[in-house]
Structure formats: C-alpha cells, structure tokens
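Now for the letters of each chain:
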Amino acid sequence: MRTQVCIIGGGPSGLLLSQLLHTVGISSIILERQSRDHVLGRIRAGVLEWGTVDMLRKAGVGTRMNAEGFEHTGTFLSAKNRGFRIDFNALIGKKVMVYGQTEVTADLYAARTDAGATLLHNVENVTPIGLDTDTPSVSFDQDGTTKTIQCDYIAGCDGFHGVSRKSIPANVLREFERVYPFGWLGVLSETPPVSHELIYANHERGFALCSMRNANLSRYYIQAPVTDKIEHWSDDAFWDELRRRIPTDAADSIITGPSIEKSIAPLRSFVAEPMQWGRLYLVGDAAHIVPPTGAKGLNLAVSDVHYLFTALDQHYNHGENGGLATYSQTALKRVWNAIRFSWWFTTMMHSYPDQSPFDQAIQEAELSHLETSQAAQTNLAENYVGLPY
Ligand code: RFL
Ligand code: PHB
C-alpha cells in the first residue's frame with residue numbers, strides 16, 4: 001500500500017487531518033488500534049473554541065454542530081457556594097461552542113466514510129519505520145498478517161499512550177510533566193443541565209464542574225482522589241457531594257437522576273519536544289496533555305492539525321517547505337500558552353492534599369479579584385475562548 005500521509009490514530013486529530021487533506025487532494029490512510037464503536041464510545045471534551053468551530057466547518061463537518069451545538073458567551077465561576085459570571089462577549093467579543101467530542105468524532109467518521117477514505121481499524125503492532133530517511137513506512141498487523149504502508153510523511157495522532165512519540169530517539173526527545181495529586185470523577189446523566197452555562201466551582205472540599213451535552217444530557221465532575229474506585233461512589237453520594245460544592249442556588253434547583261456513565265480521570269500536564277523528528281509529526285495528545293480544567297485538550301489537537309495541514313498543503317500544492325520545517329516550533333508556542341493557562345486554572349480551582357487555610361484563602365482572594373477586576377476577567381476570557389492560531 002502507498003499513500004502520501006500515513007496517519008497513526010483515528011481519534012479527532014487523525015480524522016480531522018485526514019478530512020482536511022482530502023479537501024486539497026492529498027491522500028492519507030488512517031490506522032486505528034480500536035474498533036470504531038470503541039472510539040465513538042469515549043466521552044471526553046465538551047467545549048470547542050471558535051477556532052475549532054471554524055476548522056470543523058472548513059473540513060465540511062459543521063452541519064450538525066451548527067444545528068445542535070450551543071453557543072456560550074460566558075461562564076460561571078464560583079467560590080464558597082456563590083457564583084459570578086465572566087462575560088466573554090462583553091469583554092472580548094468572543095464565544096465558545098458546547099458540542100461533545102463524541103459528536104465531533106461521529107461527524108468526522110461519517111464524512112471520511114462518505115468520501116471513501118481508507119480507515120483501518122483493529123490494527124496491531126503499528127511501527128513507524130525509516131523516519132530519518134526520505135522513504136518512511138509504517139508496518140502493522142491485521143487479521144494475522146503483517147502489512148506495510150509506504151508514505152512521504154507520518155502523522156502521529158495516536159494519543160498519549162501511542163507508539164509515535166516513543167519512536168523519537170531518547171537523546172532527541174525532551175519531556176516536561178506535572179502529575180496532579182487528584183482526579184476528576186465524571187458523571188453523565190439524562191437530566192436537564194442545572195445552568196444554561198458552565199459552572200466551575202472552587203470549594204474547600206474540592207473542585208466541581210457543571211457542564212452539559214444537550215437540553216436533556218448533563219455532564220458533571222467533582223474532584224476526587226485518583227485512587228478512588230467508581231464502585232465506591234453511588235449516584236446518591238455523587239449528587240450529595242456535587243451539591244455541597246456548587247453555588248447554593250444551583251444546588252437547590254439541580255435535577256438529578258441515574259448516571260449513564262461514571263469514570264475517574266487522572267490530571268496531568270505534559271509536553272514532548274520536539275513535535276517533529278525526520279518524517280514524523282506529532283499531533284494532539286501524542287505530544288501534549290493538559291488537565292481538563294481549561295477545556296483545552298481537543299482544541300490544542302485541532303490547532304496542531306491546522307499547522308500541519310497548512311504545512312502539508314503548502315508542500316504538496318505550492319512547493320513550499322517552510323511550514324513543515326517550523327511546525328514543531330509554531331505548534332509548541334501555542335501549546336505552552338495552553339499548558340500555562342490550564343495549570344493556572346487547575347491550581348486556582350482545586351484543593352490540594354496539603355491545602356492549608358492560608359492556601360484556601362489565597363484561592364478565594366484570587367476568585368474575588370476575578371469577580372471585580374475587568375483586567376483579570378479579560379485575561380481569563382482571552383485564554384478560555386482560545387488564543388489565535
Ligand atoms: P485521542 O483522542 O487519544 O486519539 C488517539 C487515537 O489513537 C489510537 N491509538 C492507536 N492507533 C494505532 N496504533 C497505536 N499504537 C495507537 N495508540 C493509540 C487510540 O485508540 C485513539 O483512537 O487523541 P487526539 O486525537 O489527539 O485527541 C485529543 C483529545 O481526545 C483530548 O485532548 C481531549 O479529549 C481532552 N479533553 C478535553 N479537551 C477539550 O478541548 N475540551 C474539553 O472540555 C475536554 N474535556 C478531555 C475532557 C479529556 C478527558 N479525559 C477523559 C482524558 C474531559 C475529560 C474527562
Ligand atoms: C465537559 O463538558 O466534559 C467539560 C467541559 C469543560 C471542561 C472540561 C470538561 O473544562
């Protein structure tokens with residue numbers, strides 16, 4: 001088999017890159033370790049920056065998002081069970097779109113399938129070969145046979161646990177990491193969202209977040225020890241703990257119901273440098289991880305796709321190689337901004353294991369400053385809606 005760009009990983013990064021390349025006549029093959037149902041069963045991101053919205057529209061997959069997504073012009077922050085609003089529109093004239101990653105991925109799969117893309121699922125032992133040569137390839141096992149794809153470039157879109165990043169020699173790769181001493185316990189429930197916009201709550205018992213997917217599907221999170229087991233959290237225990245942490249008016253009006261999904265996610269900040277080695281280009285979670293507090297993970301993956309897509313289009317269709325040469329540098333600049341923002345927002349909102357009354361009071365002072373200072377609000381708004389590409 002031969003293609004121009006071999007894409008490892010059929011998550012949102014790999015699918016979007018493949019779809020965009022298709023719109024400018026560049027061929028690609030996607031290799032995905034899991035089944036399509038498995039990929040579509042993941043419940044992850046909920047908030048899209050406007051840059052992400054524009055990219056999905058450009059890729060021709062915006063129809064359902066335009067009809068079913070919710071435009072949010074602000075968000076609520078809360079401290080000591082009292083909320084206040086940050087008005088993105090009034091501050092900087094921007095907004096975000098609430099539309100789930102599960103839906104984004106489904107829309108991308110539909111578009112790729114309609115276009116007759118080669119999308120290979122359940123592949124094993126994917127191995128990038130000859131990355132430092134002009135003739136790279138990728139081998140993999142499928143149905144008991146080993147196959148090879150010859151290509152010009154390899155896009156490593158295979159997430160944090162993928163094979164791509166590990167293919168960069170150890171003496172080249174530099175990794176930066178912070179693991180946070182807590183996780184997020186998330187619940188999905190078929191209930192109307194408690195608020196028309198998200199609520200990010202600081203509380204001395206720990207962080208909480210009220211989010212949503214649609215008018216009858218809510219997504220809630222509470223900070224919990226990463227060592228906790230789901231079995232130890234009954235639905236009732238979850239709702240009781242959530243109510244303790246969010247604004248009183250929300251706690252009084254929340255409609256609860258059975259959870260249809262419950263999981264605990266660890267929180268981590270991670271960056272791998274460089275994001276390119278030879279013919280391999282890392283994209284999305286393969287190169288970086290942010291804690292979910294800033295809602296940046298999927299959005300960063302999309303900005304990486306933007307830079308790589310633009311560079312490949314320049315190369316194949318305009319004979320220019322500048323974008324490919326500077327991809328890592330360009331992408332990392334935006335990555336580090338999002339890493340900083342997500343770290344800051346996480347640090348301000350969560351309770352740390354050794355949190356003293358002083359530490360708690362400092363967080364509350366910072367939130368109080370945010371409630372009253374337009375400068376502080378503008379800083380948060382600019383980063384939350386997404387820095388320009
Ligand atoms: P993915 O989604 O991990 O996809 C990688 C794909 O590669 C496959 N794969 C392999 N395929 C072949 N060979 C191998 N050796 C392979 N190894 C792995 C995997 O099966 C998978 O299908 O990475 P991608 O495409 O870079 O996308 C990144 C996003 O998924 C991620 O950043 C976001 O979900 C993060 N995130 C959020 N991001 C936001 O922008 N806004 C949010 O509100 C938000 N909320 C969240 C989140 C992530 C969460 N969790 C659980 C991690 C909330 C949560 C709880
Ligand atoms: C979500 O709806 O899953 C969500 C929203 C905002 C975040 C993280 C997750 O910051």
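Look above for the structure.
Criteria and thresholds
Residues numbered from 1 in each chain as written. Chains lettered and ligands numbered in written order. Predicted model: local features only at pLDDT ≥ 70, side-chain atom pairs only at ≥ 80, totals over all residues. Heavy atoms only, no water. Salt bridge = Lys/Arg side-chain N within 4 Å of Asp/Glu carboxyl O. Helix = DSSP H or I, 4+ residues; strand = E, 2+ residues; numbered from the N terminus. Buried < 20%, exposed > 50% of the residue type's maximum accessible area, 1.4 Å probe, protein only. Arc of directions from axis to C-beta. Contact = heavy atoms within 4.5 Å. Phe/Tyr/Trp six-rings, centres within 6.5 Å; stacked < 30°, edge-to-face > 60°. Lys NZ or Arg CZ within 6 Å of the ring centre and 35° of its normal. Pairing = 2+ DSSP bridges. Axes fitted to C-alpha atoms, helices over the stretch in contact; angles between N-to-C directions. Near = heavy atom within 4 Å. Polar contact = N/O pair within 3.5 Å; in protein donor to acceptor, adjacent residues only side chain to side chain. Areas by Shrake-Rupley, 256 points an atom, 1.4 Å probe, with all protein chains shown as cover. Nonpolar A, V, L, I, M, F, W, Y, C, P; charged D, E, K, R; others polar.

A. Up close: the pattern of salt bridges. Under the criterion given, the structure shown has 20 salt bridges. R165 serves as the salt-bridge partner of E175, at 3.4 Å between the closest nitrogen and oxygen. Linking E175 in strand 13 (residues 174–189) with R165 in the loop between strand 12 (153–156) and strand 13, this pair joins segments that are ten residues apart in sequence. You can call E175 partly exposed: its relative accessible area is 46%. The partner of K262 in a salt bridge is D235, and the shortest N-O contact between them spans 2.8 Å.

B. Looking closely at helix 7 (residues 235–245). Burial in helix 7 covers these residues: F238, W239, E241, L242 and R245. Down the axis of helix 7, the sector holding all buried residues measures 165°, keeping them to one side. On its buried face, helix 7 is in contact with strand 13, strand 14 (199–202), strand 15 (208–214) and strand 16 (217–224).

C. Region of interest: the packing of aromatic side chains. For the structure on display, the rule yields 19 aromatic pairs. Relative to Y352, the ring of F182 lies with its centre 5.1 Å away and its plane at 80°, an arrangement referred to as edge-to-face. You can see F182 sitting in strand 13 and its partner Y352 sitting in the loop between helix 10 (322–349) and helix 11 (357–372), a full 170 residues away along the chain. In this structure F182 comes out as buried when scored by relative accessible area, which is 1%. When the centroid spacing of 5.1 Å and the interplanar angle of 45° are considered together, the rings of Y200 and F345 count as tilted. Taken as a pair, Y200 in strand 14 and F345 in helix 10 lie far apart in primary sequence, 145 residues in all. Looking at Y200, the relative accessible area reads 1%, which means it is buried. Through a chain of ring-to-ring contacts, three or more aromatic side chains come together here, namely F88, W184, Y200, F207, Y221, F341, W344, F345 and Y384. Sitting over the face of the ring of Y153, R279 holds its NZ or CZ atom 4.9 Å from the ring centroid. One Lys or Arg, K296, reaches over the ring of Y384 and ends 5.5 Å from the middle of that ring.

D. Molecular detail of the sheet that holds strand 11 (residues 145–150). Strand order in the open sheet formed by three strands is 9-10-11, and the pairing between neighbours is antiparallel. If you trace the sheet from one side to the other, it starts and ends with strand 9 (124–129) and strand 11, each paired once. With strand direction ignored, the average angle separating the axes of adjacent strands in the sheet is 20°. Examined bridge by bridge, strand 10 (residues 137–142) and strand 11 share six bridges and lie antiparallel to one another. Bridge pairing links Q142 to T145 in strand 11.

E. Representation of the site of ligand 2 in the model. The immediate surroundings of ligand 2 are formed by 14 residues, with Y200, S211, R213, Y221 and P292 found nearest. Y221 places a polar side-chain atom, nitrogen or oxygen, 2.6 Å from an oxygen atom of ligand 2. Between ligand 2 and A295 there is a distance of 3.5 Å, counted from an oxygen atom to a backbone nitrogen or oxygen. Contact with the protein chains covers 97% of the free accessible surface of ligand 2, which is 280 Å². Sorting the residues of the shell around ligand 2 by element identifies strand 15 and strand 16 as the ones contributing at least two each.

F. Quick peek at the site of ligand 1. Residues in close proximity to ligand 1 total 31 residues, the closest being S13, E32, Q101, D285 and L298. Between ligand 1 and P12, the relevant distance is 3.3 Å, taken from an oxygen atom to a main-chain nitrogen or oxygen of the residue. Within the backbone of R33, an N or O atom sits 3.2 Å from a nitrogen atom of ligand 1. If ligand 1 stood free it would expose 1,000 Å²; the protein chains cover 88% of that surface. Elements with a contribution of two residues or more to the shell around ligand 1: helix 1 (12–23) and helix 9 (297–318). With three residues, helix 9 is the single largest residue contributor to the shell around ligand 1. Residue composition of the shell around ligand 1, by class: 13 nonpolar, eleven polar and seven charged.

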